[in-house]
Amino acid sequence: MSYFAAALVALLAAESLMAAGWGFPNAPIGAPATLLLVHLVVLGWLSLLLCGALFQFVPVLVAKPLYSARLPLPALILLLGGIIALLSGFLGLNGALTAKLPFFPLASVLLAAGFGLVLWNLGCTLWRARPLGLPARFVVVGLLGLAATVAIGITFALVLAGDTTTPTALRLFADGLPIHIIAGLGGWLSLTAMGVSYRLLAMFMLAPEPDRRSTRAVLQLGAWALGVAVLGGTTAILVRRGAALVFSAAGVLGLLTVVLYARDIVHLYQARKRRVLELNSRMAAAAVGSLLVAALLMVVLGSMGTLGRDAGAVVFLVVFGWLSGLGLAKLYKIVPFLTWLECYGPVLGKAPTPRVQDLVAEQRAGKWFGLYFLAVWAGTVALFLDSAWAFRAAAALLLVGTAGIVLQLVRARRLADVPASARFPGGSVRPPLVLSLTRSH
Amino acid sequence: MNSSDQGPLIERAREALRTVIDPELGYNIVDLGLIYEVSIDDTGLAYVLMTTTTRGCPATSYLQEGARESIAQLPGIAGVDVVLTHDPEWSPQKMTAEARHYLGIEEENLR
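Residues numbered from 1 in each chain as written. Chains lettered and ligands numbered in written order. Predicted model: local features only at pLDDT ≥ 70, side-chain atom pairs only at ≥ 80, totals over all residues. Heavy atoms only, no water.

Draft legend 1. Fine view of the nonpolar core. All names here are of chain A. Formed by 180 residues in total, the largest nonpolar core has its most connected members in Trp45, Phe320 and Trp322. Take this core: its biggest share by element is 22 residues, from helix α11 (residues 307–344). If near-sequence neighbours (up to four positions away) are discounted, tryptophan 322 is found in contact with Ser190, Ala193, Met194, Tyr261, Ala287, Val288, Ser290, Leu291 and Leu317. (Core = buried A, V, L, I, M, F, W, Y, C linked by side-chain atoms within 4.5 Å. Buried < 20%, exposed > 50% of the residue type's maximum accessible area, 1.4 Å probe, protein only. Helix = DSSP H or I, 4+ residues; strand = E, 2+ residues; numbered from the N terminus. Contact = heavy atoms within 4.5 Å.)

Right, here's the structure in full:
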C-alpha cells in the first residue's frame, strides 16, 4: 500500500505540473523540464505502482509466497531517494536548483540498488516457482526490460554528470534514447502489465484464460521486440550502422504484439462467465482500447512519415491512456480487496462480513474515471493539434479526474462506503491508510 | 458413532460454513462449490476439504481460517482439520443455481 500511495502522489504531482504548463509541449521534448516530468511519471508513478502490484500479484501468479516480505520496504526507500535525486539533477540542468550536489551519480546508485532489490526479490520468487505459467513468463521478460532500462538510464545519468566520457557511453547517450524508451515503456511497463492483466481479468470476470498458442505468440513477439531493440539497437549504435532499421523492426514486432494482445483481451471479455462487468474491468477495456489506438496511430503516422513530429502525442496516449488507465482501473480493484483482507479477513467465520464490492461506490467512481479518460483523449488531440493551452486544459481535467479517483480509493481504505452497522463486525479494526497489514498465505 | 451417523452435525457444519464468503465473488463458499468434502468422525473431529477459485488466491489463508472458525464454535465439535486442494480445480460449474443466479451467470455460458 505504501508503494501505491507514493505512486499516486507522484501522479498527482506530475499532472499538476502539466496543468501548470511545465515541460512538453511548452518546452522542447528533450528539455530538462520535460525529462523531469517524464521521469516523475514513469518512475515515480508507473514503476512504483508496478513494483507494488508485482509484490502482491507475483505470488498469485506462481502460487508461491514472495521470496522476502522484508525487502520491499528498503527497496521503496532507495527508489524514492533515487527518484528525488534524479529529479533534482534535472532541476539542476534546468537552472532551477543551484545546489552543487552530485545528483545524477547519487540517483544512479540509489535507483540501481532499489531496482536491484526489486529484481532480486521477484527474480528469486519466480526462480523458485519454476516451471512458470505464461503470465509469469511475461513478468520475467518485463523484469529483463527493467534491467535494461535502468542500465541505459544509469549510463545517461553518468554522462550527464560528466562522470564518464568513454566512447561507448557517449555513443549510447547520443543515439540510445529509443532503446531506453522501448525497454522502459514497452518491455518493463507494457509487457509486465499485459502478463498481469491476462490473469487478473480472467480471475475477476471468471473467464477461461485465452488460447495458449495466441498468448504464447504475444509473449514471443514482445520478447523479440525487446531483444531486437536492446541488443540489436545497442550493437547498431556502437557500430554506427542500421540503427533506424533495427528500431523499425522492433516497432513492427511491437505492433504485432499489441494487435495479438488486444485480440486475446477481446476474446477474454467475450468468454467471461460473469456477464455484469465491474467498473475496473470496464475501465481496463478503455485502457486496452487506448493502447490499440496508439498502435494504429503509429502505423498511420509512420506511413505518413510524421511519427517523429507527433511522437509526443502517441507516447502521451500510451502512458496515460494505456498504462496509467490500466493502473488506476486495477488499483480500484486491488485497494478495496487488500483493505477487505486486512479488515475482514481475520474475522471471517466468526462474524458476517461485507463483500469487497460493499467497500466501493462504482457509480460515483465511474464519473471520475469517465472524466479521466475523456481528459486523456482530449490531451492526445491537443498534442496532435500542437495546442499548448488546450493541452494544459486537458491536463487540468486529468488532474481533477485523477484526484476524484484517488478520493474514491481513500474512501475504500477508510471503509467510508460500508454501511455503519456492518463496518466493524466481530471486533474488526480499520486498517491504517498507507501501511498494509495482510499476512502471507 | 461413525461419520455416517453424524449427518445432522455435518449439516450444521455446512450451514456454519455458509457464513464464510469469498470476498471477491461476495457469496458463501458452500454454494460457490469451494467445499469439496465435510466429514466428522465419532470423536467430533471435523475434516473439511476445500479449494479456492484460483490458485494462489491472496485470501486463501483467511478462507481456510474462516472455515475452521465457523465450525469450531459448534457444539459437538472437538477439532477441525481444513485441507486445501486444487485437485480438481474449481470451475463455475461447481456453483449452485442460486450462486450462479446471484452472479448473473446463465446456464448456457457455463459450457
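Picking up where we left off.
Draft legend 2. Quick look at the interface of chain B and chain A. Contacts between the two partners involve 32 residues from chain B and, on the opposite side, 29 residues from chain A. Approximately 2600 Å² of surface area, both sides summed, lies buried where chain B meets chain A, with 62% of it carried by carbon and sulfur atoms. If you sort the residues of chain B by the area they bury against chain A, Glu24, Pro58 and Tyr62 of chain B come out on top, with a joint share of 30%. Connecting chain B to chain A are two salt bridges. As a salt-bridge pair, glutamate 24 of chain B and arginine 274 of chain A come within 2.9 Å of each other at their nearest N and O atoms. Where chain B touches chain A, the interface holds eight residue pairs in polar contact (both at pLDDT 80 or more). Among the elements that take part in the side of chain B that touches chain A, helix α2 (residues 60–72) of chain B stands out by supplying eight residues, more than any other. Tallied by class, the residues present in the side of chain B that touches chain A amount to 16 nonpolar, 11 polar and five charged. (Buried area = accessible area lost by both parts, 1.4 Å probe. Salt bridge = Lys/Arg side-chain N within 4 Å of Asp/Glu carboxyl O. Polar contact = N/O pair within 3.5 Å; in protein donor to acceptor, adjacent residues only side chain to side chain. Nonpolar A, V, L, I, M, F, W, Y, C, P; charged D, E, K, R; others polar.)

Draft legend 3. Main features of the sheet that holds strand β4 (residues 45–50) of chain B. All names here are of chain B. Read from one edge to the other, the open sheet built from three strands follows the order β3-β4-β5, with strand pairing classed as mixed. Here the strands that pair on one side only, and so sit at the sheet edges, are β3 (35–40) and β5 (79–84). Taking each pair of neighbouring strands and ignoring which way they run, the sheet shows an average axis angle of 15°. Inspection of the sheet shows β4 paired to β5 by six bridges, in the parallel sense. Across the sheet, alanine 46 pairs through a bridge with valine 80, a residue of β5. Of the strands in this sheet, β4 and β5 touch α2, which is tilted by about 155° from β5. (Pairing = 2+ DSSP bridges. Axes fitted to C-alpha atoms, helices over the stretch in contact; angles between N-to-C directions.)

Draft legend 4. Region of interest: unusual backbone geometry. Cis rather than trans, the peptide bond between phenylalanine 24 of chain A and proline 25 of chain A has omega equal to 5°. Structurally, proline 25 of chain A is set in the loop between α1 (2–19) and α2 (32–62). A cis amide bond links aspartate 87 of chain B to the next residue, proline 88 of chain B, at an omega of 5°. Examined against the element boundaries, proline 88 of chain B turns out to sit in the loop between β5 and α3 (97–102). Even without being glycine, leucine 206 of chain A reaches a positive phi, approximately 50°. For leucine 206 of chain A, the location among the structural elements is in the loop between α7 (177–205) and α8 (212–239). One non-glycine residue, arginine 240 of chain A, lies in positive phi territory at about 60°. Looking at the element boundaries, arginine 240 of chain A is found in the loop between α8 and α9 (243–270).

Draft legend 5. Seen up close, the packing of aromatic side chains. Residues and elements named next belong to chain A. By the definition in use, this model includes 14 aromatic pairs over all chains. With centroids separated by 5.4 Å and ring planes inclined at 55°, the aromatic side chains of phenylalanine 138 and tyrosine 198 adopt a geometry described as tilted. Of this pair, phenylalanine 138 sits in helix α5 (residues 134–160) while tyrosine 198 sits in helix α7, placing them 60 residues apart in sequence. Each member of the pair, phenylalanine 138 together with tyrosine 198, is buried. Within the aromatic cluster, the residues linked to one another by ring pairs are Phe138, Tyr198, Tyr261 and Trp322. Above the ring of tryptophan 127, the side-chain terminus of arginine 130 is found at 3.7 Å from the ring centroid. (Phe/Tyr/Trp six-rings, centres within 6.5 Å; stacked < 30°, edge-to-face > 60°. Lys NZ or Arg CZ within 6 Å of the ring centre and 35° of its normal.)

Draft legend 6. Expanded view of helix α12 (residues 362–384) of chain A. Residues and elements named next belong to chain A. The end-to-end C-alpha distance of α12, which contains 23 residues, comes to 33 Å, matching closely the 33 Å that a straight helix rising 1.5 Å per residue would cover. Burial in α12 covers these residues: Ala365, Phe369, Tyr372, Phe373, Ala375, Val376, Gly379, Thr380, Ala382 and Leu383. Contact partners of the buried residues in α12: α1, α10 (279–304), α11 and α13 (388–413). Looking one or two residues beyond α12, the residue adopting positive phi is aspartate 386, at roughly 60°. (Expected span 1.5 Å × (residues − 1).)

Draft legend 7. Geometry of the pattern of salt bridges. Residues and elements named next belong to chain A. What the rule picks out here adds up to 14 salt bridges over all chains. Between lysine 333 and glutamate 278 there is a salt bridge, and its shortest N-O distance comes to 2.7 Å. Taken together, the residues span a long stretch of sequence, with lysine 333 in helix α11 and glutamate 278 in the loop between α9 and α10 at a distance of 55 residues. On the basis of relative accessibility, which here comes to 10%, the residue glutamate 278 falls in the buried class. Of the charged contacts in the structure, one is a salt bridge between glutamate 342 and arginine 413, with a shortest N-O distance of 2.9 Å.

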